[in-house]
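# Report on the structure
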Amino acid sequence: MPEVLKAPLVVEFPFTRSLGPVQSAFLTGLRERVVLGVRTGDGRVLVPPVEYDPVTAEEIRDLVEVAPTGTVTTWAWNHEPRRGQPLTTPFAWALVRLDGADTALLHALDAPGPDAVHTGMRVRVRWAQERSGAITDIACFEPYAARQTDEAPTEPTVHTGEFADAVTGIVAHARLDYTYSPGRAQSAYIHALADRRMVGERCPSCRKVYVPPRGACPTCGQPTSEQVEVGPRGTVTTYCVVNIKAKNLDIEVPYVYAHIALDGADLALHGRIAGIPYDQVRMGLRVEAVWTEGARYPDHYRPTGEPDAEYDTYRELL
């Protein structure tokens with residue numbers, strides 16, 4: 001039995017989104033050290049603000065300014081901060097209801113230890129030194145020893161939401177770090193790729209061959225263990241033309257990604273098509289895998305020169 005593989009995996013991408021008038025005002029306000037919320041039809045103040053009433057679904061635009069001080073409603077201690085989190089030392093994740101708001105805002109609370117945090121404690125915003133119009137303009141919350149004259153919560157005040165040079169869009173960088181194990185079936189598939197072979201597994205019930213193998217038949221639910229070598233040639237079943245260049249991918253656009261049904265397989269896998277102009281790729285095109293030196297998987301697929309496959313031979317694999 002080949003070794004079951006595992007490896008660290010990072011999924012990372014920038015997510016760009018435009019902002020409506022409410023979110024634009026909220027983030028621009030943070031840049032100016034102003035915290036805004038919205039007032040609903042029944043008088044509640046929501047912070048962070050939303051554009052539609054969560055109860056009635058009506059659009060809401062009535063912006064109000066709330067205080068940068070508030071009360072912890074609940075919290076959890078973070079013993080080991082991760083990459084990209086607000087603080088590099090242990091801290092509390094806290095829901096803070098700012099004075100004048102009826103809902104709580106989730107953010108980091110800087111405290112010396114979990115014994116220093118409790119529900120009901122008073123806190124205030126610690127602003128970032130450099131602010132750009134993002135939730136990170138609030139660096140964190142910090143404990144706040146209010147004077148007796150400060151104990152009464154501040155009433156929210158009406159705000160126009162108008163600022164110079166308003167923020168209209170943001171780029172959020174998403175990243176997920178984890179250890180991935182493909183399991184027994186796909187580990188065997190990857191080991192075979194190292195020998196430039198493509199191996200699937202056959203269902204004992206319906207007799208379909210799945211590549212890459214999944215360890216069980218998705219149709220019958222039966223475990224699969226019988227290995228079947230497929231390819232290396234196959235048929236393009238469907239495809240798309242890529243016109244947007246991906247970051248860190250050294251491939252000139254346009255290029256084609258296709259679903260390819262390898263000979264002997266009952267499931268199409270995807271791969272890049274090269275060795276042919278992108279506008280000549282077509283359904284039924286016969287292709288073969290091309291390996292580069294030292295690669296563990298095919299770099300791309302190229303035409304074999306054979307006649308195109310008849311539609312009836314691959315229509316069930318679309």
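Shown above is the structure to which this text applies.
Residue numbers here run from 1 along each chain, matching the order of that chain's written sequence. Restriction of local features to residues with pLDDT of at least 70 applies here, the model being predicted, together with a cutoff of 80 or more for giving and counting side-chain atom pairs; totals for whole chains, interfaces and linings are based on all residues. Excluded from the side-chain calculation are hydrogens and water; included are all heavy atoms of the structure.

## Topic: the overall build of the protein chain
- Per the convention used, a helix needs a DSSP run of H or I reaching at least four residues, while a strand needs a run of E reaching at least two, with both numbered from the N terminus. A count of helical and extended segments in the protein chain gives two helices and 19 strands.
- Summarising its shape, the C-alpha atoms of the protein chain cover approximately 85 × 45 × 40 Å along the three principal directions.
- Burial classes: relative accessible area under 20% of the type maximum marks a residue as buried, over 50% as exposed, and values in between as partly exposed (1.4 Å probe, protein chains only). Out of the 318 residues belonging to the protein chain, those deemed buried represent 38%.
- Of the roughly 18600 Å² of accessible surface on the protein chain, a fraction of 50% belongs to carbon and sulfur atoms.
- Positive charges come from Lys and Arg alone, negative charges from Asp and Glu alone, with His and the N- and C-terminal ends not counted. Where a charge lies is defined by one atom per residue type, namely NZ (Lys), CZ (Arg), CG (Asp) and CD (Glu). Looking at the protein chain, you have 32 positive and 41 negative side-chain charges, and the mean spots of the two groups are 5 Å apart. Accessible areas in this description were obtained via Shrake-Rupley with a 1.4 Å probe; residue shielding takes into account the shown protein chains only.

## Re the packing of aromatic side chains
- Put simply, two rings from Phe, Tyr or Trp (the six-membered ring, in Trp's case) pair if the centres are within 6.5 Å, and we call them stacked under 30 degrees between planes, edge-to-face over 60, tilted for the rest. Throughout the structure, instances matching the rule amount to three aromatic pairs.
- For the pair Tyr255 and Tyr257, a centre-to-centre distance of 6.1 Å together with 65° between the ring planes defines the contact as edge-to-face.
- Classification of Tyr255 by relative accessible area gives buried; the value is 8%.

## Considering unusual backbone geometry
- Residue Pro48 is reached from Val47 by a cis peptide bond, and omega for that bond is 0°.
- Mapped onto the elements of the fold, Pro48 is located in the loop between strand 3 (45–46) and strand 4 (63–66).
- The omega torsion of the bond from Gly231 to Pro232 falls at 0°, within 30 degrees of zero and hence cis.
- Of note, Pro232 is situated in the loop between strand 14 (226–230) and strand 15 (233–242).
- One non-glycine residue, Arg207, lies in positive phi territory at about 70°.

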